[in-house]
Amino acid sequence: MITHTHRPLRVVLYEGSGSIQLPAESRAKVMMALLDKGYTVTRSGLGAPAMPHDERNLLVLGAFEGKAPALEDATGKISIDTCDITGLEPDAILALVDKSRGEKTMNEPGKWKPWFPVIDYSRCTNCMQCLSFCLFDVYGVSDDNKIQVQNNDNCKTNCPACSRVCPEVAIMFPKYQAGPINGDEINENEAGREKIKVDISSLLGGDIYSALKDRSAAAKSRFSKERSPDKALDERKKCLTKLVGDGFIPADVLASLPSTEEILKKAVIAKAKAAAALAAQ
Amino acid sequence: MRIITAHHPFFHPVAQRTNCRDTATSSTTPFLSTPATILYCRCAYAQVVPSGVKNDVLQKLCDSDTSFETVSDLCEMAAHRDPRLQAIASCGSLRIAACFPRAVKGLFQQAGFPLPADTEILNMRTQSAQEIADALLGAPALTAA
Ligand code: SF4
Ligand code: SF4
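Conventions and cut-offs
Residues numbered from 1 in each chain as written. Chains lettered and ligands numbered in written order. Predicted model: local features only at pLDDT ≥ 70, side-chain atom pairs only at ≥ 80, totals over all residues. Heavy atoms only, no water. Helix = DSSP H or I, 4+ residues; strand = E, 2+ residues; numbered from the N terminus. Buried < 20%, exposed > 50% of the residue type's maximum accessible area, 1.4 Å probe, protein only. Areas by Shrake-Rupley, 256 points an atom, 1.4 Å probe, with all protein chains shown as cover. Pairing = 2+ DSSP bridges. Axes fitted to C-alpha atoms, helices over the stretch in contact; angles between N-to-C directions. Contact = heavy atoms within 4.5 Å. Near = heavy atom within 4 Å. Nonpolar A, V, L, I, M, F, W, Y, C, P; charged D, E, K, R; others polar. Buried area = accessible area lost by both parts, 1.4 Å probe. Salt bridge = Lys/Arg side-chain N within 4 Å of Asp/Glu carboxyl O. Polar contact = N/O pair within 3.5 Å; in protein donor to acceptor, adjacent residues only side chain to side chain. Left-handed = near helix turned anticlockwise from the far one by under 90°. Core = buried A, V, L, I, M, F, W, Y, C linked by side-chain atoms within 4.5 Å. Expected span 1.5 Å × (residues − 1). Disulfide = S-S within 2.5 Å.

Asks: Explain the overall build of chain A here, please?
Replies: Helix and strand counts for chain A come out as 10 helices and 9 strands. Across the 281 residues of chain A, 46% fall into the buried class. When the accessible surface of chain A is summed, it comes to about 14000 Å², and 53% of that surface belongs to carbon and sulfur atoms.

In structure tokens form, the structure reads like this:
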């Protein structure tokens, strides 16, 4: 698994002057073959602007009829290869691109699934419940005391358990099947979202922000209440076991739990991090 | 050996096309705003987008003359904070065919490169290919200078 690598190539499918236009069907087949193998492709055509080019090497594919031009980057930073694809089938074009990539590594579809939580910051209230819940150190706190996904490689594939503990339905897994975890719009009633309880008179004549402050104080006090580490461990295990039983998370998540000692240690560290971040808010 | 730059026709075959980062000119009459950069996400690493829809959208883009960008999987790029997400987010006007807008925005934000607020995100998990292609390839809105 290579999760921290950059795309080694930017492939450009060139159909401008000096090359022959591909039939639309062939163009789509070539692009599908490259995309499904993990490459990214720029189709150089008309109308819409292309993305600015970046630090990656460029591979320019075109039906140049045997006369692929030799090109050099004006800045000298990027190496440019050109390949003639006249009359080639998608498989042969893919082989050319693989050859041009050489030994440079990249993630390949089918061998690794990008699975990690994505926080919807427009909903997140920074309550830190996800940080306290996750046993695999996926979450952390930023320098400005905000919850962050810091170690997404630690996340257990197909386990969306933390999305269930978020009281704001702010945790998404884009590769999940069902909403709202997959990022679908949230039906506030179904989500059972905790609502701010306000006195109507405070809304009409008073200060709504005092209600928000009270709520944040309540969240802090929930955290500051001493919870026995054993109880916390039990709660997590019970919760995970139930989620496995419901088919919500895969059974191997339970099998890969850290040892009891480690869990207790993690719980203490997570609690301290969460408490410090909440106190600093 | 020929020398090429970011402004070479390999990226911008139409001579008068503005660069992606260019903003509108200071004309006082209404004008067609800079065309949006089109981005298509293939969702190749775990295929949660229906293949019929994503194939049809790509075919319709290929049937047009338009330039467009494609990525194999935005989730995979966000997982390793691929700097190309920054290049995409810096394109100004953007139309993206991927999945739920909340998820796509979240991925860019989490990678450290938030999308511009007016980015149009088309959802291949819920919308039809025709609807998406129309939105991607439609003319940019008329705006006043
Ligand atoms: S549990 Fe939800 S609301 Fe609380 S910090 Fe985590 S993402 Fe934000
Ligand atoms: S952003 Fe959506 S469409 Fe793109 S790879 Fe992720 S889940 Fe798939």
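Asks: For this particular structure, what's the right way to read the sheet that holds strand 5 (residues 94–98) of chain B?
Replies: Hydrogen bonds between backbone groups are what pair the strands of a sheet, and the pairing can be parallel or antiparallel. Strand order in the open sheet formed by 8 strands is 5(A)-3(A)-1(A)-2(A)-4(B)-3(B)-5(B)-6(B), and the pairing between neighbours is mixed. Taken across any chain shown, the strands that pair with only one partner, and hence form the sheet edges, are strand 5 (80–84) of chain A together with strand 6 (120–123) of chain B. For this sheet, the mean angle separating the axes of adjacent strands, direction not counted, is 20 degrees. In this structure, strand 5 of chain B lies alongside strand 6 of chain B, joined through 4 bridges in parallel fashion. What sits directly across from A98 of chain B, in strand 6 of chain B, is N123 of chain B. Along the sheet face, helix 5 (residues 129–137) of chain B touches strand 3 (37–41), strand 5 and strand 6 of chain B and points at about 160 degrees away from the line of strand 5 of chain B.

Asks: How do you make sense of the site of ligand 1 when you look at a structure like this?
Replies: Taken together, the residues surrounding ligand 1 are C124, T125, N126, C127, M128, Q129, C130, I147, C166, P167, E168 and I171 of chain A. For the shell around ligand 1, the class distribution of residues is 8 nonpolar, 3 polar and 1 charged.

Asks: For this particular structure, what's the right way to read the interface of chain A and chain B?
Replies: Quoted interface sizes are often the accessible area lost when the parts come together. Facing the 73 residues of chain A at the interface are 64 residues of chain B. For the pairing of chain A and chain B, the buried interface totals around 6100 Å² over both sides, and the portion due to carbon and sulfur atoms is 59%. Looking only at chain A, the three residues that lose the most surface to chain B are R43, P49 and M51 of chain A, adding up to 11% of its buried area. Taken together, the links from chain A to chain B amount to 4 salt bridges. R42 of chain B is the partner of D36 of chain A in a salt bridge, and the nearest nitrogen-oxygen pair spans 2.9 Å. At the junction of chain A with chain B, the criterion picks out 25 residue pairs in polar contact (both at pLDDT 80 or more). Looking at the side of chain A that touches chain B, the elements that each hand over two or more residues are strand 1 (9–14), helix 1 (24–36), strand 2 (41–44), strand 3 (57–62), strand 4 (71–73) and strand 6 (118–119) of chain A.

Asks: In this structure, what is going on with the packing of helix 1 (residues 51–63) of chain B against helix 5 of chain B? I would like to understand it.
Replies: For any two helices packed against each other, one specifies the crossing angle of their axes together with the interaxial distance. Residue and element names in this part refer to chain B. Two elements in contact, helix 1 and helix 5, have axes whose closest approach is 9 Å; the angle formed by their N-to-C orientations is 35 degrees. Considering the relative orientation of helix 1 and helix 5, their crossing is right-handed. Where helix 1 abuts helix 5, its residues V53, D56, V57, K60 and L61 lie against A129, Q130, I132, A133, L136 and L137.

Asks: Would you mind showing me how to read the pattern of salt bridges here?
Replies: Two side chains carrying opposite charge are able to pair once their charged atoms lie near each other. By the definition in use, this model includes 13 salt bridges over all chains. Through salt bridges with shared partners, one network takes in E15, R27 and R43 of chain A.

Asks: Is there a simple way to think about the nonpolar core in this case?
Replies: Among soluble globular proteins, nonpolar side chains are generally buried collectively. Of all hydrophobic cores here, the largest spans 39 residues; its most connected members are L34 and L61 of chain A together with V57 of chain B. Only strand 1, helix 1, strand 3 and helix 2 (90–101) of chain A together with strand 3, helix 1 and helix 5 of chain B provide two or more residues apiece to this core. It is helix 1 of chain A that provides the largest number of residues to this core, a total of 6 residues. Once residues lying within four places of it in the same chain are set aside, the contact partners of V57 of chain B are Y40, A97, M124, A129, I132 and L136 of chain B.

Asks: For this particular structure, what's the right way to read the site of ligand 2?
Replies: Ligand 2 sits among P174 and K175 of chain A together with C41, C43, V48, V49, D73, L74, C75, A98, C99 and L107 of chain B. More than one chain reaches ligand 2: the nearby residues come from chains A and B. Split into classes, the residues belonging to the shell around ligand 2 amount to 10 nonpolar, no polar and 2 charged.

Asks: Where do I start with the environment of G92 of chain B in this structure?
Replies: Residues and elements named next belong to chain B. Position of G92 among the secondary structure elements: in the loop between helix 3 (84–89) and strand 5. With 27 residues separating them along the chain, G92 and T119 place their C-alpha atoms 8.2 Å apart. Excluding residues within four positions of it along the chain, G92 makes contact with P116 and D118.

Asks: Looking at this structure, how should I read the side chain of T40 of chain A?
Replies: Mapped onto the elements, T40 of chain A comes out in the loop between helix 1 and strand 2. In terms of polar contacts, T40 of chain A uses its side chain to reach the side chain of R84 of chain B, at 3.0 Å.

Asks: Can you walk me through the side chain of T70 of chain B in this structure?
Replies: Checked against the element boundaries, T70 of chain B lands in strand 4 (residues 68–71). Apart from residues no more than four positions distant in its own chain, T70 of chain B is found in contact with M31, L35, T40 and V41 of chain A together with L39, Y40 and L58 of chain B.

Asks: Would you mind showing me how to read helix 1 of chain B here?
Replies: An α-helical segment advances 3.6 residues per turn. Residues three or four places apart therefore align on the same side. With 13 residues, helix 1 of chain B extends 18 Å between its outermost C-alpha atoms, agreeing within 8% with the 18 Å of an ideal straight helix rising 1.5 Å per residue. For helix 1 of chain B, the full list of buried residues reads V53, K54, V57, L58, L61 and C62 of chain B.

Asks: Quick question: what am I supposed to make of the environment of C62 of chain B here?
Replies: Within the secondary structure, C62 of chain B sits in helix 1. Residue classification places C62 of chain B among the buried residues on the basis of a relative accessible area of 0%. In this structure, the C-alpha to C-alpha distance between C62 of chain B and S90 of chain B, residues 28 residues apart in sequence, is 24 Å. Not counting the four nearest positions on each side in its chain, C62 of chain B is found in contact with A24, R27, A28, M31 and R43 of chain A together with F68 of chain B.

Asks: Help me out: how do you make sense of the state of the cysteines in this one?
Replies: Chemically, a disulfide is nothing more than a covalent bond linking the sulfur atoms of two cysteines. Enumeration according to the criterion identifies 0 disulfides over all chains in this entry. Among the cysteines around C159 of chain A, which has no disulfide bond, C155 of chain A carries the closest sulfur, lying 6.3 Å off.

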